[in-house]
Amino acid sequence: MRIHHVGIAVSDLDASIAMYRDVFHAELTHRVASPSEGQETALMSAGGTELELMMPTREDSPVGKFVAKRGPGMHHVAFAVPDIRKALAEARAAGMQLVDEEPRTGVHGSPIAFIHPKSAGGVLTELVEE
Ligand code: CO
């Protein structure tokens, strides 16, 4: 198992990209607006892993609600899995509460699914197939 990326909720995407680029030398690899999800996302390469910076574009979007409630900060951890359906079945068999019963396509273009933080040690956990 390895960490695929870390998701961070931000309130100013340009400023956050500049900080991670200029101070921590991460490299912007992808930036996309997702109107249906009410967020704009930037992917940054950071050594062997990635940062997924997420800025709400609507207050009532999932990330908008997160930022309104808790402020900007750590949002989720994503683990790479070779077979997402198998990984989901294992999580379900272990009694974990799934946010996504079925895989969907994530910002990386790969199948993803989220596990509820309540059953994952308080951390919103994403599985990414690769
Ligand atoms: Co993610």
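Everything below is about the structure printed above this text.
Bear in mind the structure is a predicted one, so any value in this text is a computation, not a measurement.

Caption draft 1: Quick look at the overall build of the chain. What the chain contains, in helices and strands, is 3 helices and 8 strands. In sequence order, the secondary structure elements of the chain are arranged as β-α-β-β-β-α-β-α-β-β-β. For 130 residues, the compact-globule estimate of 2.2 N^0.38 gives 14 Å, and the C-alpha radius of gyration of the chain, at 14 Å, lies within 12% of that figure. Judged by the C-alpha coordinates and their principal axes, the chain covers about 45 × 30 × 25 Å. Buried positions account for 44% of the 130 residues belonging to the chain. Accessible surface, the chain as shown: approximately 7100 Å² in total, 55% of it carbon and sulfur.

Caption draft 2: Spotlight on the coordination of the cobalt ion. Around the cobalt ion, the protein supplies H5 (NE2), E52 (OE), H76 (NE2) and E126 (OE) as donor atoms, at distances of 2.0 to 2.1 Å. Along the chain, the residues that donate to the cobalt ion are spaced as H-x46-E-x23-H-x49-E. In this pair, H76 is assigned in strand β5 (residues 73–81) and E126 in strand β8 (residues 125–129), connecting sequence segments 50 residues apart. Accessibility classification places H76 together with E126 in one group, the buried group.

About the criteria used
- All chains use their own residue numbering, which begins from 1 and follows the written sequence.
- Residue-level local features of this predicted model are given only where pLDDT is at least 70; pairs of side-chain atoms are given and counted only at 80 or more, and the full residue set underlies all totals for whole chains, interfaces and linings.
- Side-chain numbers here rest on the full set of heavy atoms in the structure, without hydrogens or water.
- Segments assigned H or I by DSSP are reported as helices when at least four residues long, segments assigned E as strands when at least two residues long, and all are numbered from the N terminus.
- Radius of gyration means the value over C-alpha atoms here, while the globule rule gives 2.2 Å times the residue count to the 0.38 power.
- Each residue is placed in one exposure class: buried if its accessible area under a 1.4 Å probe, protein chains only, is under 20% of its type's maximum, exposed if it is over 50%, and partly exposed if it falls in between.
- Each accessible area value is a Shrake-Rupley result obtained with a 1.4 Å probe; residue values ignore everything except the protein chains displayed when judging cover.
- Donor selection uses N, O and S atoms within 2.8 Å of the metal (3.2 Å for Na, K and Ca). Since no water is included, sites may look incomplete.

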